[in-house]
Structures are given as C-alpha cells and as structure tokens.
Amino acid sequence: MTELERKHERAPVPSEWTYASAPEARDIVTLQERYGHYVGGEWVEPRETYTTISPASEEPLAEVGQATPEEVTAAVAAARDAFENGWSDISPAERAKYLFRIARILQERSHEFAVLESLNGGKPIKESRDVDLPLSAAHFFYYAGWADKLEYAFPNRRPRPIGVAGQIIPWNFPLLMLAWKIAPALAAGNTVVLKPAETTPLSALLFCDVLRQAELPPGVVNIVTGDGRTGAEIVKAESVDKIAFTGSTEVGKAIQRELAGTGKKLTLELGGKAANIIFDDAALDQAVEGIINGIYFNQGHVCCAGSRLLVQESIYEPVVEKLKRRLTTLRVGDPLDKNTDVGAINSKQQLDKIQELVATGEEEGAEIYQPPCRLPEKGYWFAPTVFTNVAQSYRIAQEEIFGPVLSILTFRTPEEAVEKANNTPYGLSAGVWTEKGSRILWMAERLRAGVVWANTYNRFDPSSPFGGYKESGFGREGGRHGLEPYLDLDGSQALSP
Ligand code: NDP
C-alpha cells in the first residue's frame, strides 16, 4: 500500500455531505482606524465621524468622516479649481491614460477590493470577486477608450466637458456604482465630488489610493463621506454643474425638486419592480436559474432585480416546485465564505424594511415559503423567500422590497403578461423566457423597461446603456449614451435613449 492509499484509508468518512466552510482570508485588507475626506488629492481630517460596520457580524470596522457643509464646499472648490486649471485642457489622449491606469490598478488590486467590498457591504465574496470587480475595471477600460474619440461619438456637435459633477451613490454595488459614475465623467473631461453611501464607504476610500497610484492630478476626483445630509449639501452646492444620483425614488424626487430651475444637469437611476416573465415553452431548468439569479443575487439589493415572477398558468406548478427545490440548495451565511450564495442584509434599517413588507404580504393573504436554513445569530440576515398566491394590489407586488423576496403571479396570454408587467410605477428592467425569438421581440417592443433581458437575467456590460422609465428615473449610464450627461453638446438634440 502506498503512503497516499494509507492516508486515504485513515481519512474519516464525512457524516454529512455538505460544503465545508471555505473562508477567504481577510488579511489582504489593511483597514485604518480612521478615515478622512479625500479633497484636492490629500486626506483631510474630518470634524465629525461615525463608525462603519460589517453587516454580517456588526463588528466595527473603522471611523469615517461625516462631512459638514464646509467640508463639502471645500471638496467642490477643489474640483472646480482642478477643472479650470488643467484637467479640462489636457489632451483627451492624456485623460485616457489616467483611466487606463485606474482600470489596470483595479485589476491588480481586485482581490483586496473584493474582500473589502464583502466585509463592509455583506455581499458574497464570489459576487464581489466575479462581478463587482471585473465590471468596475471594465467600466474604466471602456470609457478610457472613448476619451479621445468624443468627436466620433457625437459628430458635428463639438462635445465639451460641463464642469464639476456631484455624484451620489447607494450601498448595493459601492465600487461598481463609483465606476459607473466616475469613468464617464472623467472621460468627458469633468471633475468629480462623489459621496458613497453611509453604510459602505470603505471601497470608495480605498479607491483614493488607486487615484494616488495612478497619479491623477489633485482635485480631479474628491471623495467625501457621510449620510444623506452630505448628499443634500452636494446637490445644493452652487459650483456643481451636474448631479448624478442612484438610490431611492423618494430621494431622487427630492433632488429633482431642489434642482428645478437651476439649469443644472441631472440624471436619476432609481428603484424598480421588474417582471421576470416565463412562458410555457421556456427551458424550465434554465429559467429557474434565471429566477434565482434575478432575485437572490446580492440578497435582492438590486434595482433591476426580477422581484415579480410572472409564470404562464399552464406551467405554474412545475416552476414553483423546481424553484422551491432550488431554494433549499442556496447557502446563506458568511459573505467571506467562497461557498456562500446569499450574504448579509446591508443594514439594520434595510432589514427592518424587508421584514415590514414581508409581514404585509402575509397579512394581505399571500402564502410564504422559506427554505429551512440556519441564519447566523449576529448581523443582519433574511432567508430567501418566495410568496405565492399574490394579488397585483398587494404591497409586495407593488413596492420595491430590495431584499431576497420574490412574489409570484400568473398570466395566460402574452397580452396579459405585458399588461401585468407594465402595471407598476417603475420601468427599469424585465426578463422574458421563451424559445420563440419572435415572441421575445414582440414582448420587448411592448415592455416599458429600460432593459429587457431574453433567456438570461442581470447581465451587464459597460458598452450597454442602462436606465429607466417613469419612476425608475431618467438618463442612461453605460455605453455611448452614458457620456452624454457629462457633455455640453452645443445645445443640439440629445441622443434619445
Ligand atoms: P437613499 O436613496 O436614501 O440612498 C442613496 C444615496 O443617496 C446614499 O448615498 C444616501 O446617503 C444619499 N442620500 C440620502 N438622502 C439624501 C438627500 N436628501 N440628498 C442627497 N443624497 C441623499 O436610499 P436608502 O439607502 O435609504 O434605501 C432606501 C430604499 O431605496 C431601499 O430600500 C431601496 O428600495 C431603494 N434603493 C434603491 C437603489 C437603486 O439602485 N435603485 C439603491 C439604494 C436604495 P446615505 O446612504 O448616507 O443615507
């Protein structure tokens, strides 16, 4: 018997065939005890601070600045100075060089960023590693390519930068949303003041070190942290020429009111309540994977999540049965475990909101299903949830839950599917599952949604514009369209979305 055979003979037989834990090491990330604001290429000591935590363990991670109005004013002044004294005049190819550098450094440091993103935001490491980081780098690469080709992107329209962009981002994809905002703004020749969400500031603060490595001129990107008050100060700041906001419809509306009549440019990427529509000829197993990806990816903290499942009546039972079976295989737990499918809810506040809406679903008469799973005691957790027996009028079918909660409704004909899918104040995304290409086109023409995925879901590419209709906001991010809000195009007609 060889040494290897002897070792195998002694190896214990597992009593249970479940995944062993596979935790990602945390030591690639070095956290500071306290972070300031990044203004004019330097760290500025904050006057006030708050503690940012890990939502999976409630463990404090660092003290972070809560920017005061004066600190926001200083950041905007640094951005204005950088815009007027250098950045807007350097050659576009030179601007591209910085963006390429940032993209390369993000790739090189992607492991570190992925661990930090999961630690501070609660999302599974396999998602931050395989989705957030590659897509963030891809956005910088993509817009680096456009920086010296703006004349070709907008022929005969003399594209020029607009000035200082104020950018306010949410907590569901902290680094990716930063990339969606900063990359097109810089490619177009603008400077930036960005505020990450209160609960997830750390990857934006680490990004400042990427800017240092890339030797981006001081003041071109300024990052201030804080809660909604800081965001409101950026919106009010006189010297800001454009606001780009991603977040709730409620705050988006408040920002629109604040900016009315000021002449400042505004783009809003707000909530959604997307329909994922499964026809009876669809490949059911693939469709079930699409449903799972559509709603449980990133704990359902996704503006374009497929949170309303519309199933054709004739296949309702097999779909629900397959879905429930698949749900029992989802692993919920430690975001830093490489086997985890569903991580922690981002904050106590968001968990309360999910719990409140789920309670209304039960009160209104929907039937709840949650697979057996043991949730960690510390931190913020919510089991993957499916509601059947849902009426269109229920709050769980109307409101954005922004959590791992799916509401299932049925339809009989394609016309009815379209009517139900469009019966929402939102219009960000939709999914269609069918073998028939002609039906996909027929549906896509009628669905009032910025993105319609066919036989897939939650696919993103920097070259593809993303944005909503109705209460999901206006303006597009990604693609050539994503440059437009950052450019003065001589008053000529804008590209239609
Ligand atoms: P918010 O809209 O409050 O947050 C988005 C960003 O705006 C954050 O950076 C926030 O700061 C900032 N902000 C808050 N108030 C103001 C203000 N008055 N002026 C300017 N900026 C402001 O979303 P929440 O985090 O409160 O989430 C609430 C709900 O919104 C969620 O349950 C979800 O339904 C939806 N949502 C949708 C998102 C999407 O991508 N469509 C993303 C996030 C949330 P801070 O975080 O510090 O408060």
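Note that the structure is predicted; figures quoted are calculated from it, not measured.

Procedures and definitions
Per chain, residue numbering runs from 1 following the sequence as it is written. The predicted nature of this model means local features are confined to residues of pLDDT at least 70 and side-chain atom pairs, given and counted, to a pLDDT of 80 or more, with totals for whole chains, interfaces and linings taken over all residues. Where side-chain values are given, they derive from all heavy atoms of the structure, hydrogens and water being excluded. For helices the rule is a DSSP run of H or I covering at least 4 residues; for strands it is a run of E covering at least 2, with both sets numbered from the N terminus onward. Each radius of gyration is computed over the set of C-alpha atoms, and the globule rule expresses the reference value as 2.2 Å times the number of residues to the power 0.38. A 1.4 Å probe rolled over the protein chains alone gives each residue an accessible area, and that area as a share of the maximum for its type sets the label: buried under 20%, exposed over 50%, partly exposed in between. Should any heavy atoms of two residues lie within 4.5 Å, those residues are counted as being in contact. One heavy atom within 4 Å of a molecule or strand is enough for the residue carrying it to be called near that molecule or strand. Counted as a polar contact is a pair of N or O atoms within 3.5 Å, where, for protein atoms, one must be capable of donating a hydrogen and the other of accepting one, and residues adjacent in sequence contribute only when both atoms are in side chains. Buriedness for pockets is judged along seven lines, at least five of which must meet protein on both sides within 12 Å for an open set on the 1 Å grid over protein atoms alone, while cavities are sets there where a 1.4 Å probe fits but cannot get out, and lining residues have an atom within 4 Å of a point. Assignment of a molecule to a cavity or pocket requires that more than half of its atoms lie within 2 Å of the corresponding grid points. Grouping buried Ala, Val, Leu, Ile, Met, Phe, Trp, Tyr and Cys residues that are joined through side-chain atoms within 4.5 Å yields what is termed a nonpolar core. DSSP calls a pair of strands paired once it identifies at least 2 bridges connecting them. Simply put, an axis is a line fit to the C-alpha atoms, just over the touching stretch for a helix, and the angle between two N-to-C directions goes from 0 to 180 degrees. Grid points are joined across faces, edges and corners, and a volume is the space filled by probe spheres set on the points. Each residue receives one of three labels: charged for Asp, Glu, Lys and Arg, nonpolar for Ala, Val, Leu, Ile, Met, Phe, Trp, Tyr, Cys and Pro, and polar for the others, Gly being one of them. One fewer than the residue count of a helix, multiplied by 1.5 Å, yields its expected span. The working definition used for a salt bridge is a side-chain nitrogen of Lys or Arg within 4 Å of a carboxyl oxygen of Asp or Glu. What counts as a ring pair is set by centres within 6.5 Å for rings of Phe, Tyr and Trp (its six-membered ring), and what kind of pair is set by the plane angle: stacked under 30 degrees, edge-to-face over 60, tilted for all other angles.

Another aspect to go through is the overall build of the protein. For the protein, the count of helices and strands is 16 helices and 20 strands. For the protein, whose C-alpha radius of gyration is 23 Å, the value lies close to the compact-globule estimate of 23 Å for 497 residues. Taking all 497 residues of the protein together, the buried fraction comes to 56%. Relative to all contacts within the protein whose residues are 6 or more apart in sequence, the contacts with residues 24 or more apart total 75%.

This paragraph deals with the site of the ligand. In the neighbourhood of the ligand, 26 residues make up the surrounding shell, with Ile-169, Trp-171, Ser-248, Leu-270 and Lys-353 lying closest. At 3.4 Å, a backbone N or O of Gly-228 approaches an oxygen atom of the ligand. Measuring from an oxygen atom of the ligand, one finds a side-chain N or O atom of Gln-350 at 2.9 Å. Its atoms largely coinciding with the cavity grid, the ligand occupies the largest pocket. Looking at the shell around the ligand, the elements with two or more residues in it are helix H9 (228–236), strand S10 (242–246), helix H10 (249–259) and helix H13 (348–364). In terms of residues, the shell around the ligand owes the most to one element, H9, which gives 3 residues.

A word on the nonpolar core. Residues Phe-140, Leu-178, Phe-207 and Ile-223 are the most contacted members of the largest nonpolar core, which totals 109 residues. Looking at which element gives the most residues to this core, the answer is helix H7 (residues 174–187), with 11 residues. Not counting chain neighbours up to four residues away, the residues in contact with Phe-207 comprise Ile-102, Leu-106, Phe-113, Phe-140, Leu-175, Leu-178, Ile-182 and Ile-223. Phe-382, Val-390, Val-418 and Ala-449 belong to the second largest nonpolar core, which has 29 residues in total.

A few words on unusual backbone geometry. Positioned with a positive phi, Glu-215 is a non-glycine residue whose angle comes to about 55°. On the basis of relative accessible area, Glu-215 is assigned to the exposed category, the value being 56%. For Asn-298, which is not glycine, the phi dihedral falls at a positive 55°. Among the secondary structure elements, Asn-298 is positioned in the loop between helix H11 (284–296) and strand S13 (308–312). Residue Asn-298 is classed as buried on the basis of its relative accessible area, which comes to 2%.

We now examine the sheet that holds strand S16 (residues 405–411). In spatial order, the strands read S14-S15-S16-S13-S12-S17-S18; together these 7 strands make up an open sheet with mixed pairing. Lying at the two open borders of the sheet, with one neighbouring strand each, are strand S14 (367–369) and strand S18 (451–454). Direction aside, the axes of adjacent strands within the sheet are offset by 20° on average. The pairing of strand S12 (residues 275–278) with S13 spans 4 bridges and is classified as parallel. Bridging across to S13, Ala-275 finds its partner in Arg-308.

It is worth spelling out the sheet that holds strand S4 (residues 49–53) at this point. What the 3 strands build is an open sheet, ordered S1-S5-S4; its pairing is mixed. Sheet topology places strand S1 (34–35) and S4 at the edges, where each strand pairs with a single neighbour. The sheet contact formed by S1 and strand S5 (residues 60–65) spans 2 bridges and is parallel. For Arg-34, the partnering residue across the bridge sits in S5 and is Glu-63. Seen against the sheet, helix H8 (residues 202–213) touches S1, S4 and S5 and runs at an angle of roughly 70° to S5.

A few words on the environment of Ile-440. Assignment of secondary structure puts Ile-440 in helix H16 (residues 437–446). Here the alpha-carbon distance between Ile-440 and Val-332, two residues 108 residues apart in the chain, equals 34 Å. Leave out the neighbours within four places in its chain, and Ile-440 touches Thr-434, Ala-454 and Asn-455.

Turning to the layout of surface pockets, a few remarks are in order. One number sums up the size of the largest pocket: a volume of about 1300 Å³. Around the largest pocket sit 45 residues that line it, and Trp-171, Ala-197, Ser-248, Val-251 and Gln-349 are the ones nearest its centre. Of all the secondary-structure elements, those providing two or more residues to the lining of the largest pocket are S4, H9, S10, H10 and H13. Of the residues forming the lining of the largest pocket, the biggest block, 7 residues, is contributed by H10. Here the lining of the largest pocket is built from residues that sort into 19 nonpolar, 16 polar and 10 charged. The volume enclosed by the second largest pocket comes to roughly 610 Å³.

Our next topic: the side chain of Asn-339. The topology assignment puts Asn-339 in the loop between helix H12 (316–327) and H13. Here Asn-339 is in contact with Tyr-19, Ala-20, Ala-22, Lys-126 and Arg-331, once residues within four sequence places are set aside.

A few words now on H11. Along an α-helix, residues three or four apart share an orientation, since each turn contains 3.6 residues. End to end, H11 covers 18 Å across 13 residues, agreeing with the expected 18 Å (1.5 Å per residue, within 8%). Taken together, the buried positions of H11 are occupied by Leu-284, Ala-287, Val-288, Gly-290, Ile-291, Ile-292, Gly-294, Ile-295 and Tyr-296. Lining the buried residues of H11 we find S12, S13, H12, strand S15 (385–388), S16 and strand S17 (429–433). Once H11 finishes, Asn-298 follows within two positions and takes phi at roughly 55°, a positive value.

Time to look at the pattern of salt bridges. Opposite charge on two side chains makes pairing possible when the charged atoms of those side chains draw close. Taken as a whole, this structure holds 30 salt bridges when the rule is applied. Lys-149 is the partner of Asp-148 in a salt bridge, and the nearest nitrogen-oxygen pair spans 2.9 Å. For Asp-148, a relative accessible area of 38% translates into the label partly exposed. Put simply, Arg-109, Glu-112, Asp-209 and Arg-212 are held in one network by salt bridges that share partners.

Bringing the packing of aromatic side chains into the picture now. Taken as a whole and judged by the stated rule, the model has 14 aromatic pairs. Judged by centre distance (6.5 Å) and plane angle (85°), the ring pair of Tyr-142 and Trp-146 falls under edge-to-face. In this pair, Tyr-142 and Trp-146 are both assigned in helix H5 (residues 125–146), 4 residues apart and thus about one turn of the helix distant. Note on Trp-146: relative accessible area 19%, which makes it buried. Plain terms: the ring middles of Trp-180 and Phe-466 are 5.3 Å apart, the flat faces sit at 65° to each other, and that makes the pair edge-to-face. Of this pair, Trp-180 sits in helix H7 while Phe-466 sits in the loop between S18 and strand S19 (473–474), placing them 286 residues apart in sequence.

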